[in-house]
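Given next are the chains, with one letter for each unit.
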There are 2 protein chains.
Amino acid sequence: MVEYSERLDHIFASLADPTRRDILRRISRKELSVGEIAKSYELTFAAVSKHLQVLERAKLVKKERRGREQVVRVSLRALGEADRYLERYRVLWEERLDRLEEYLSKENK
Amino acid sequence: MVEYSERLDHIFASLADPTRRDILRRISRKELSVGEIAKSYELTFAAVSKHLQVLERAKLVKKERRGREQVVRVSLRALGEADRYLERYRVLWEERLDRLEEYLSKENK
DNA sequence: ATATTATTCAACTATATGGTTGAATATTCA
DNA sequence: TGAATATTCAACCATATAGTTGAATAATAT
């Protein structure tokens, strides 16, 4: 059983790398094989494969064998967890914006 | 000039640690001095101070000297960036949920 | 069966991270 | 001014991460 907190660790750690964010962006448009993904970067195949393992551990992507390729797709469930984590703070900053607006409107009277 | 991408690196890297997420949670309720924060963890003062430096680099918190203490507050701007990053994907998964609902409602006819 | 293609694994290196301890700095109190 | 309090800095250690290269495995094509 992987703790909720540990899942968040993995999700945010995955998102902390620009290559991995870029991979996510690319496969969110269209599923791609590991090889197709690797072509976009000046990294070795193995390095890209490792990035995909990090994304898999965080459950941000799923791999599926199709013939001799592995096809990679985004798996939005984990991103949803990150989103729900931030949601609490979204409420906070929206409150603050509201107070700011209220304050400004009083100033103008 | 710090790149947008690098800012996201710092924000997500900050959020990838449970102690730092907990610090954020605590100070989002009430601003606290470094010392008050440090008391909550079985870590040295210096370790907590380092965590706060990581959060500062990501602009998730701000420190302000008040007498001989440093008072720490959340600074929601950076969390807003993370939130906007995830927003794109939120649209994606909401679309998928909608398609799922549509599919299920047709099944029930 | 063998060769080709796609991917992963293992071993290694360099750098980053999270922690410690002890000294250094800043501010306040007596 | 000197002592006490709050925080940071510097040096160090252990572990994790991101990258490499070369060998190993899996599936397909000949």
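Note: the structure precedes this text.
Residues numbered from 1 in each chain as written. Chains lettered and ligands numbered in written order. Predicted model: local features only at pLDDT ≥ 70, side-chain atom pairs only at ≥ 80, totals over all residues. Heavy atoms only, no water.

**Some thoughts on the interface of chain A and chain B**
Line of reasoning, step 1. With 27 residues of chain A at the interface, the matching set in chain B holds 27 residues.
Line of reasoning, step 2. Interface area, chain A with chain B, both sides summed: about 2500 Å², of which 66% is carbon and sulfur.
Line of reasoning, step 3. Per-residue buried area on chain A facing chain B is highest for A:Arg21, A:Leu76 and A:Trp93; these three make up 23% of the total on that side.
Line of reasoning, step 4. Applying the counting rule to chain A against chain B returns four salt bridges.
Line of reasoning, step 5. A salt bridge links B:Asp83 to A:Arg90; its shortest N-O distance comes to 2.3 Å.
Line of reasoning, step 6. Counting across the chain A and chain B interface gives eight residue pairs in polar contact (both at pLDDT 80 or more).
Line of reasoning, step 7. At the level of elements, α1 (4–15), α2 (18–29) and α5 (76–107) of chain A are the ones that each hand at least two residues to the side of chain A that touches chain B.
Line of reasoning, step 8. For the side of chain A that touches chain B, the leading source of residues is α5(A), giving 13 residues.
Line of reasoning, step 9. Partitioned by chemical class, the residues of the side of chain A that touches chain B number 16 nonpolar, three polar and eight charged. (Contact = heavy atoms within 4.5 Å. Buried area = accessible area lost by both parts, 1.4 Å probe. Salt bridge = Lys/Arg side-chain N within 4 Å of Asp/Glu carboxyl O. Polar contact = N/O pair within 3.5 Å; in protein donor to acceptor, adjacent residues only side chain to side chain. Helix = DSSP H or I, 4+ residues; strand = E, 2+ residues; numbered from the N terminus. Nonpolar A, V, L, I, M, F, W, Y, C, P; charged D, E, K, R; others polar.)

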